[in-house]
Structures are given as C-alpha cells and as structure tokens.
Amino acid sequence: MLVVMRDHASRSDIDHVVEVLESAGAQAHLSQGEVKTIIGVIGDRETIYSLELEGLSGVESVVRVLKPYKLVSRDFQPEDTVVTLPQGSSIGGGAFATIAGPCSVESSEQMRAVAAAVSTSGAAMLRGGAYKPRTSPYAFQGLGVEGLRMMREAADEFGLPVVTEVLDVRDAETVAEWADVLQVGARNMQNFMMLDELGKMGKPVLLKRGLSATIEEVLSAAEYVLKGGNRDLILCERGIRTFETYTRNTLDLAAVAALKTLTHLPIVVDPSHATGRRELVTPMAQAAVIAGADGVMVEVHPEPERARCDGPQSLDLPAFGKLMDSLPPLVEIVGKHPGVSR
Ligand code: PEP
Ligand code: MN
C-alpha cells in the first residue's frame, strides 16, 4: 500500500502517519521528493486498512497496490484446480467439461429426454433450474424441491452429476441434498452471505459472473468461497451488460483468457445466456474452447419452442449433438482432454 501525502505536506504530518503505521506494527518506507512524499507501507493488510489513513492530516490518497484476493490467485497456487465429481466427471487442469440441460426443470419426461441425449453426446454434467431468478415476479419461478427430485432421478439414471442454482441462502442445505454442484447465479454473485455459506459447505460451487461485474469483482467474490474452506469452485463467464442490444449480453471472451492467467480456478463459458440467440450458441461455444475455457454450459431443451424459460437461446437435442461433435478437435488443439469418465 502507498500513502501519497499532499504537496508540501508538513514534516509533522508525515511523522504522524509514520508513527501511526509503526505503532500498528507496519513498516513505513519514505520516498521524499521536492514536492511530494510517498510512504510505502508493508504489514498486515487488514490491520493497515483499519487505520483509515485517508483521514489523517496531510494525506492525499491511499493506493492499494495489493490485489483484494489471494487464495484464488495463480501467484498463491500456480497449479490448476481440478474439480472432480463423484460420478467421475472432472473439470480444470486440462479436463474439459460440458454442462448441459434446460433453463428450468419442467417435468420428469423433459429431464429424462435431456439427460439421455446429453449423456450420449458426451456431456459431463446435467444442468437445470428448480429455483429460477426471473426478472418479472409473474414469470415461472421453477418447481422447487419437486424439480430437484426430477432432475436427480434423470441424472442418476444416466450417471450424470447435477448442477443447479441456489437462489436463496435459506435453500442452500435443501439444494445440496439433491445437487452435486451448487450454482450461484449472476444476480447473486455479490450475495456475500450466500458466498460465505457456500464456502462452508462441502459441495463444489459454480459462480457466475455478475451482469456488470469486473474481473476483479468476480475474483473477490470467488475469494469468499475459498476463504470459507471450500476449494472446489468453478467460475462462469455468461456475458455482461453493454450498450449492445442485439445479443442478450456481450460475451467477454477476453475475460476468460485473462482469468486463466490470474487464477487457478476452472472457468466455463455459458454462450446461451451470453447471446440469448440459439444460432450464436455453437460458434461462441467453439470460440470459448480456443479462448482457454475449461468447459461450456449450454441450455438444451427437447422442444425449445415450448420451453417455459429461455427457449430462444436453447438448442434442441440434435443441434446439441452437432455442437458436441464439433468440440473434440478444438479441445485437442488447446491440449485438453474430455473430463468425462463414461
Ligand atoms: C442460469 O444459468 O440458469 C441463469 C439463470 O443464468 P444467469 O444467472 O447467468 O443469468
Ligand atoms: Mn436460462
């Protein structure tokens, strides 16, 4: 951290800042110019923050040079995190995994049809929402526990792990009873109480990027989960809000490449929510592999035109099969292998 003093700050103001720092156990290193003095500070970050140096006389600004996250960073752990699920699927460290399923769980028949098709095409995990975050309170909100049961049954029949959203921290325990991976939706990315809670639970977490979250905010949110002791976290780039309205969001593939350098955590790309348009899902999934993603998460429905949620961005089963056929050569080009044991 750097404390920048005002131009021509007085000797007593500078000495006072140094005194405050040293009495808190930190070291102060002065760099004195004709006009400006800058104090470099070394010591425990939290303690130094709590000193609220900005308020001291003669202080112009305090610059935080340290990143606000540690456990998630590659500096802290250079090796890739590999998240492995009981069914044998894995993601990260070279294992590429596809997560597929409908936006929302609608019926046992729907889930069974999807699970059968996506497992045949080589998907590593089954997705589906039982608790749906809908913009309108009048839109379909999901089937709740009944939906979780339908999805679990379909997944078990085909040996697939289940990924589903925890919409409210009060449902976390219930969802964890049925699911293998707990999804935190874009709208909850900065629900810090939820992140804390999921950090203490023994289930992998899939954290989606917030609608207008910066890369640093994504990593800081992930830090909450790891800080709680849960190291099994998958990040998800699902597009961000920009001025563009043709696509539902703007897929930020540069963030994927950037995140691969900044963190050891696996990252998946969700081209369905990122584009909102079925015809863009396959090319963006393919691009995601080349950008360095460890997986993709794709919305698939047996009858997209009848879907209760997100039909326009859902692939039907044959289109999903085609997408899956196109991925292996790309996965190979980037030196990865499929994260499925079936
Ligand atoms: C979802 O994946 O079901 C979902 C609601 O996506 P997001 O949170 O990214 O909007
Ligand atoms: Mn959806």
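Residues numbered from 1 in each chain as written. Chains lettered and ligands numbered in written order. Predicted model: local features only at pLDDT ≥ 70, side-chain atom pairs only at ≥ 80, totals over all residues. Heavy atoms only, no water.

Chemist: Explain the site of ligand 1 to me, and be specific about the residues and the numbers.
Modeler: Near ligand 1 you find Arg127, Lys132, Pro133, Glu165, Gln183, Gly185, Ala186, Arg187, Lys208, Arg238, His273 and Met297, and these make up its full shell. Arginine 127 places a polar side-chain atom, nitrogen or oxygen, 2.8 Å from an oxygen atom of ligand 1. Here lysine 132 contributes a side-chain N or O atom positioned 3.0 Å from an oxygen atom of ligand 1. Protein chains bury 96% of the 290 Å² of accessible surface belonging to ligand 1 in isolation. The site holding ligand 1 turns out to be the second largest pocket. (Near = heavy atom within 4 Å. Polar contact = N/O pair within 3.5 Å; in protein donor to acceptor, adjacent residues only side chain to side chain. Areas by Shrake-Rupley, 256 points an atom, 1.4 Å probe, with all protein chains shown as cover. 1 Å grid on protein atoms, 1.4 Å probe; cavity = no way out; pocket = protein on both sides within 12 Å on 5 of 7 lines; lining within 4 Å. Sits in = over half its atoms within 2 Å of the grid points.)

Chemist: Give a detailed account of the layout of surface pockets, specifying residues and quantitative values.
Modeler: A probe matching the size of a water molecule, rolled over the atoms, marks out where space remains unfilled. The calculated volume of the largest pocket comes to roughly 520 Å³. Around the largest pocket, the lining is made up of 19 residues, and of these Arg45, Pro68, Tyr69, Lys70 and Glu223 lie nearest the centre. At the level of secondary structure, the elements contributing two or more residues to the lining of the largest pocket comprise helix H2 (45-50), helix H6 (192-200) and helix H7 (215-227). Per-element accounting of the lining of the largest pocket gives the leading share, 6 residues, to H7. For the lining of the largest pocket, the per-class residue count stands at 7 nonpolar, 4 polar and 8 charged. A volume near 270 Å³ is recorded for the second largest pocket. Lining of the second largest pocket is provided by 20 residues; of these, Lys132, Pro133, Arg187, Arg248 and His273 occupy positions nearest its centre. Grouping the amino acids of the lining of the second largest pocket by side-chain chemistry returns 4 nonpolar, 7 polar and 9 charged. (Points joined across faces, edges and corners; volume = space filled by probe spheres on them. Helix = DSSP H or I, 4+ residues; strand = E, 2+ residues; numbered from the N terminus. Nonpolar A, V, L, I, M, F, W, Y, C, P; charged D, E, K, R; others polar.)

Chemist: How would you summarise the sheet that holds strand S4 (residues 59-63) if you had to cite specific residues and measurements?
Modeler: In spatial order, the strands read S2-S3-S1-S4; together these 4 strands make up an open sheet with antiparallel pairing. Each of the sheet's edge strands pairs with one partner strand only, and the pair in question is strand S2 (27-32) and S4. The sheet shows a mean angle of 20° between the axes of neighbouring strands, direction not considered. Against the sheet, helix H1 (residues 11-23) engages strand S1 (2-5), S2, strand S3 (37-42) and S4, with an angle of about 155° to S2. (Pairing = 2+ DSSP bridges. Axes fitted to C-alpha atoms, helices over the stretch in contact; angles between N-to-C directions. Contact = heavy atoms within 4.5 Å.)

Chemist: Now, about the pattern of salt bridges: what can you tell me, with residues and values included?
Modeler: Enumeration according to the criterion identifies 23 salt bridges in this entry. We note a salt bridge from lysine 36 to glutamate 60, for which the minimum N-O separation is 3.2 Å. Of this pair, lysine 36 sits in the loop between S2 and S3 while glutamate 60 sits in strand S4, and the two are 24 residues apart along the sequence. Here arginine 209 makes a salt bridge to aspartate 252, at a shortest N to O gap of 2.9 Å. (Salt bridge = Lys/Arg side-chain N within 4 Å of Asp/Glu carboxyl O.)

Chemist: An account of H7 is needed here, citing residue identities and associated values.
Modeler: Helix length check: H7 (13 residues) gives 18 Å between terminal C-alpha atoms against 18 Å at 1.5 Å per residue, within 8%. Where H7 is concerned, the buried positions are Val218, Leu219, Ser220, Ala221, Ala222, Glu223, Val225 and Leu226. Residues of H7 that are buried make contact with H6, strand S11 (205-208), strand S12 (233-237) and helix H8 (253-262). At the C-terminal side of H7, glycine 229 shows a positive phi close to 110°. (Expected span 1.5 Å × (residues − 1). Buried < 20%, exposed > 50% of the residue type's maximum accessible area, 1.4 Å probe, protein only.)

Chemist: Give a description of a nonpolar patch on the surface that names residues and reports values.
Modeler: Together, Leu2, Ile38, Val63, Val65 and Leu66 line one region of the surface with nonpolar side chains, adding up to about 380 Å² of accessible area. Among the secondary structure elements, valine 65 is positioned in the loop between S4 and strand S5 (83-84). You can call valine 65 exposed: its relative accessible area is 54%. (Patch = residues over 30% accessible without salt bridge, like charges linked within 9 Å, V, L, I, M, F, W, Y side chains within 5 Å.)

Chemist: Outline the pairing of strand S14 (residues 295-299), supporting the account with residue identities and numerical values.
Modeler: Of all the 5 residues making up S14, 5 are buried; the element is thus mostly covered by neighbouring parts of the structure. Neither face of S14 is exposed, since Gly295, Met297 and Glu299 on one face and Val296 and Val298 on the opposite face are all buried. The pairing of strand S7 (residues 95-101) with S14 spans 5 bridges and is parallel. Directly across from isoleucine 99, in S14, lies its bridge partner methionine 297. As defined by bridge partners, strand S13 (residues 267-269) adjoins S14 across 2 bridges and the pair is classed as parallel. Across the sheet, the residue bridging to valine 269 is valine 296, located in S14.

Chemist: Give me empty space enclosed by the protein: which residues, what numbers.
Modeler: Overall, the coordinates contain 1 cavity of 30 Å³ or more when judged by the stated rule. In this structure, the largest cavity encloses a volume near 30 Å³. Taken together, Arg209, Val218, Leu235, Cys236, Glu237, Leu259 and Ile267 make up the full set of residues lining the largest cavity. In terms of residues, the lining of the largest cavity owes the most to one element, S12, which gives 3 residues. In terms of residue class, the lining of the largest cavity is made up of 5 nonpolar, no polar and 2 charged.

Chemist: An account of the packing of helix H3 (residues 108-120) against helix H4 (residues 145-157) is requested, with residue identities and associated values reported.
Modeler: For any two helices packed against each other, the geometry is given by the interaxial angle and the distance between the axes. At their nearest, the axes of H3 and H4 sit 9 Å apart, and the two run at 30° to each other. Judged by the inter-axis angle, H3 sits roughly parallel to H4. The way H3 lies across H4 gives a crossing that is right-handed. Each of Ser108, Met111, Arg112 and Ala115 in H3 lies in contact with H4, whose residues at this interface are Met150, Met151, Ala154 and Glu157. Within the contact of H3 with H4, the residues separate by chemical class into 5 nonpolar, 1 polar and 2 charged. (Parallel < 35°, antiparallel > 145°, perpendicular 65-115°, else oblique. Left-handed = near helix turned anticlockwise from the far one by under 90°.)

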